[in-house]
Each structure stands twice: as structure tokens, then as C-alpha cells.
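Given next are the chains, with one letter for each unit.
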Amino acid sequence: MPKAAAIPIIDISAEGVDELDIAKALVDAAASYGFVYIRNTGKDIAAEQVQSAFDISRKLFLETPIEEKQKCSIQKNNRGWSGMHTETLDPKTQRVGDFKEAFNFGPFTDGKPDQPLPSTLEADQATIAAFRASCSALCQRILWLFGVGLSADPPSFFTASHSDARPSGTILRLLYYPPPGDATTSSARADDVRAGAHSDYGSITLLFRLAGQAGLEVLTPENVWAPVPVVPPGTEADPAPPVLVNIGDLLSYWTNGLLRSTVHRVTFDGGSGGVNGESSTGPRYSIAFFCHPANDTKLEPVPSARVREFAGSLDSAKEGNPYAERKVLTATEHLQMRLEASYAKLYEKKD
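Overview of the structure. Nothing here was measured: the structure is a model prediction, and the numbers come from that model.

Our next topic: the overall build of the chain. Across its full length, the chain holds 10 helices and 14 strands. Taken against the 2.2 N^0.38 rule, which gives 20 Å for 351 residues, the C-alpha radius of gyration of the chain at 19 Å falls within 12% of a compact globule. For the chain, the residues scored as buried account for 54% of the 351 residues in total. Within the chain, contacts between residues separated by at least 24 positions form 79% of all contacts whose residues are at least 6 apart in sequence. When the 34 positive and 43 negative side-chain charges of the chain are each reduced to one mean point, those points stand 4 Å apart.

This part takes up the sheet that holds strand β12 (residues 243-247). The eight strands lie next to each other as β1-β2-β12-β9-β14-β7-β4-β3, forming an open sheet whose pairing is mixed. Edge strands, defined here as strands with exactly one partner in the open sheet, are β1 (9-10) and β3 (80-82). Helix-sheet contacts for helix α2 (residues 47-63) involve β3, β4 (101-105), β7 (171-177), β9 (204-209) and β14 (284-291), and the interaxial angle to β7 is about 60°.

One finds Ile 142, Phe 146, Ile 204, Leu 206, Phe 208 and Leu 259 to be the most contacted residues of the largest nonpolar core, which totals 64 residues. In terms of residue count, the dominant contributor to this core is helix α4 (residues 125-149) (11 residues). In terms of nonpolar packing, the next biggest core, distinct from the first, is built from 24 residues, Ala 5, Ala 102, Tyr 201 and Val 228 among them.

This next bit is on the packing of aromatic side chains. Tallied over the entire structure, the rule returns nine aromatic pairs. Centroid distance Phe 103 to Phe 105: 4.9 Å. Interplanar angle 45°. Geometry classified as tilted. Take Phe 103 and Phe 105: they sit in the same class, and that class is buried. For the pair Phe 158 and Trp 254, a centre-to-centre distance of 5.4 Å together with 55° between the ring planes defines the contact as tilted.

Moving on: the pattern of salt bridges. All told, the structure shown has 14 salt bridges when counted by the stated rule. A salt bridge links Glu 101 to Lys 69; the nearest nitrogen and oxygen atoms lie 3.0 Å apart. With Glu 101 in strand β4 and Lys 69 in helix α3 (residues 66-70), this residue pair connects regions lying 32 residues apart in the sequence. No difference in accessibility class separates Glu 101 from Lys 69, as the two residues are buried. One salt bridge in this structure joins Glu 87 and Lys 100, with 2.9 Å as the shortest N-O distance. Of this pair, Glu 87 sits in the loop between β3 and β4 while Lys 100 sits in the loop between β3 and β4, and the two are 13 residues apart along the sequence.

The rules we used
- Residues numbered from 1 in each chain as written.
- Predicted model: local features only at pLDDT ≥ 70, side-chain atom pairs only at ≥ 80, totals over all residues.
- Heavy atoms only, no water.
- Helix = DSSP H or I, 4+ residues; strand = E, 2+ residues; numbered from the N terminus.
- Rg over C-alpha atoms; globule rule 2.2 N^0.38 Å.
- Buried < 20%, exposed > 50% of the residue type's maximum accessible area, 1.4 Å probe, protein only.
- Contact = heavy atoms within 4.5 Å.
- Lys, Arg positive; Asp, Glu negative; His and termini not counted.
- Charge placed at Lys NZ, Arg CZ, Asp CG, Glu CD.
- Pairing = 2+ DSSP bridges.
- Axes fitted to C-alpha atoms, helices over the stretch in contact; angles between N-to-C directions.
- Core = buried A, V, L, I, M, F, W, Y, C linked by side-chain atoms within 4.5 Å.
- Phe/Tyr/Trp six-rings, centres within 6.5 Å; stacked < 30°, edge-to-face > 60°.
- Salt bridge = Lys/Arg side-chain N within 4 Å of Asp/Glu carboxyl O.

Any functional reading would require information that these geometric values do not contain.
In C-alpha cells:
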């Protein structure tokens with residue numbers, strides 16, 4: 001039975017704790033693991049907000065007719081609905097595309113989305129917009145702490161590059177993984193996955209999950225796949241499961257590989273029962289907020305003594321992440337490279 005991943009748990013809003021201590025702990029976790037749990041005690045994002053978002057997700061994937069979702073199919077701006085096998089996160093090894101559905105929300109203006117939505121979600125636009133704004137605010141708090149923990153000059157180095165007022169690749173994504181044996185997954189083979197192995201494209205990702213639903217695995221520094229519990233020990237009494245934060249490619253670029261952009265995937269067996277109380281026999285829902293800097297942000301090294309003195313490099317980081325290399329100059333160039341690999345059929349179409 002695989003051992004669960006050892007990921008630190010940090011309360012970034014803990015009372016009576018010095019901000020610098022929290023920031024340093026966050027940086028150490030990101031450097032060692034690439035993942036960190038942020039305790040969700042309701043101070044950063046209310047449990048009710050998270051629950052409402054999952055209620056909307058069920059309505060979207062289970063109650064919305066396929067014809068309605070198809071009217072909002074994903075476009076090259078990375079917004080909209082993607083059906084089963086539309087996205088292939090690990091095109092080099094996957095036989096077929098991911099066994100999942102997803103819906104990507106871009107920015108909202110005055111509470112209204114800048115994209116088509118199924119009619120079933122018209123009444124939920126304000127709720128989605130508010131949740132997206134809360135996720136953005138939490139990301140700003142985390143990015144500020146990274147700046148403080150790295151002694152960046154100025155500490156606002158990361159937050160200044162992330163703003164809802166500037167065009168970016170930031171996306172709120174609802175995800176649905178049908179259960180094994182469902183009509184849409186009956187063709188799956190033993191070596192197929194719900195979501196292929198990948199690193200995330202942006203700066204940081206917030207991941208919300210439901211207790212009891214297994215599936216997520218991370219690739220450890222020892223090159224072993226380890227399940228990631230939804231509710232790690234010590235958080236059982238919290239109002240909601242902790243928010244799982246992972247480092248994306250761009251934050252790894254900025255820090256010359258000091259912060260790890262860790263490869264992860266979603267499997268059908270959830271680590272062969274490696275987490276007590278979790279199962280992969282039913283459907284799986286998750287919500288991801290992919291935080292990206294402004295499109296024209298140049299991926300220059302962060303002005304930080306710790307980054308400059310870091311003994312590693314992107315070459316060493318690449319051992320666990322094939323995307324940890326400088327192929328691009330700006331945030332939008334990197335995002336474009338990754339999207340074209342994941343949505344090959346979409347980009348094969350003529351303009």
C-alpha cells in the first residue's frame with residue numbers, strides 16, 4: 001500500500017504567529033515538496049463558499065444537458081467546457097485523453113462572465129464571481145508571503161505581477177471525474193488515468209476537494225507516486241478540508257528551480273487505498289484556481305539572495321518535471337506552449 005505524501009500543513013492566518021515565520025515555513029514547504037496544505041478555518045475562504053461552488057459544479061455536470069454544455073465548448077482563450085478525452089495532460093504517454101469533464105471560467109466584469117455560460121448557471125453568476133474573487137485574494141496573500149519568505153526586493157515582486165485588472169491566464173476550473181464503470185469510463189484500461197501526469201502551468205494553484213474522494217497522487221523526490229489525503233491528520237475538525245496549494249512552472253522559473261513545480265496526476269484507484277476513509281469507487285469532484293501573472297510578465301529571476309545562492313538549477317529540477325526549463329520569455333508564451341500540447345485537436349483546427 002503506497003504511503004501518503006508527507007505535505008506540510010500551514011495556517012497562514014494563525015493568530016499570534018509572526019508573518020515572517022509563516023512566510024519562511026511556506027517557502028520551505030514549496031522548496032521541499034512543491035505542495036502545501038493551507039488550513040481552511042474560515043478566515044481565508046468561508047466553508048459555505050466552497051460548498052456553494054461544489055453545489056454549482058454538480059448542477060453543471062449532472063443536470064445540464066450536453067447540448068447546453070457544447071454551446072460553451074472550450075476555445076483557444078482557455079475558457080469554456082471540455083468533455084471526456086478533450087484534454088490530454090500527458091500526451092507523451094496517454095493512450096486516450098483524460099477521463100474527466102471540466103469548465104473553465106475566465107474573468108468576470110461587474111459580476112458577469114466574459115464568456116458564454118449554460119442557461120442552468122445564469123442564477124449562479126454572482127456566486128461564481130464572488131468565489132473567484134475570494135480565490136484571487138487568497139492567492140495574493142500567499143504570493144505576498146512568498147515574497148516575504150524569499151526576502152525579495154521588493155517583497156511585492158510577485159503580487160505586483162498578478163492583478164485582475166490586467167489580462168492573464170488565470171482560470172477558475174470546475175472538474176468532474178465520472179466513477180469507474182460508468183458508461184463514460186467503461187472503456188478505461190488498467191493503465192489509464194483520470195488526469196495525466198503534469199505540472200501546473202501558472203504561478204500557484206489552489207485545489208479544493210471533497211472529503212472521502214480519493215485520486216490525487218504526487219510524484220515524490222524519490223520518484224514514487226504517493227496519494228494526497230483530502231483531510232490530513234490534524235485538520236479533521238476544521239470547517240472545511242484544507243486548501244491544497246501547489247507550485248506551478250512559472251514560480252519555479254522565477255526562483256531558478258528553488259520552488260518545486262511538482263508533477264501530479266489523478267488515478268482511478270487513488271493510490272490503491274493508501275488513505276483511510278477515502279475511496280475512488282464513486283464520482284470525484286474538485287475545483288482548481290490556476291493563478292497566472294499578467295500575460296506580458298517577463299520570467300526574470302526574482303531579486304532574492306536566497307534564489308541567487310540556491311545551489312540547484314532548473315536542470316536539476318527537470319529530473320522530476322519535463323517542463324522545468326526556460327523555453328519562453330513571458331507568462332503568456334509559456335501558457336500557450338502548454339495549452340497547445342494539452343488540446344492538440346483544438347489547435348489542429350483551422351482559424
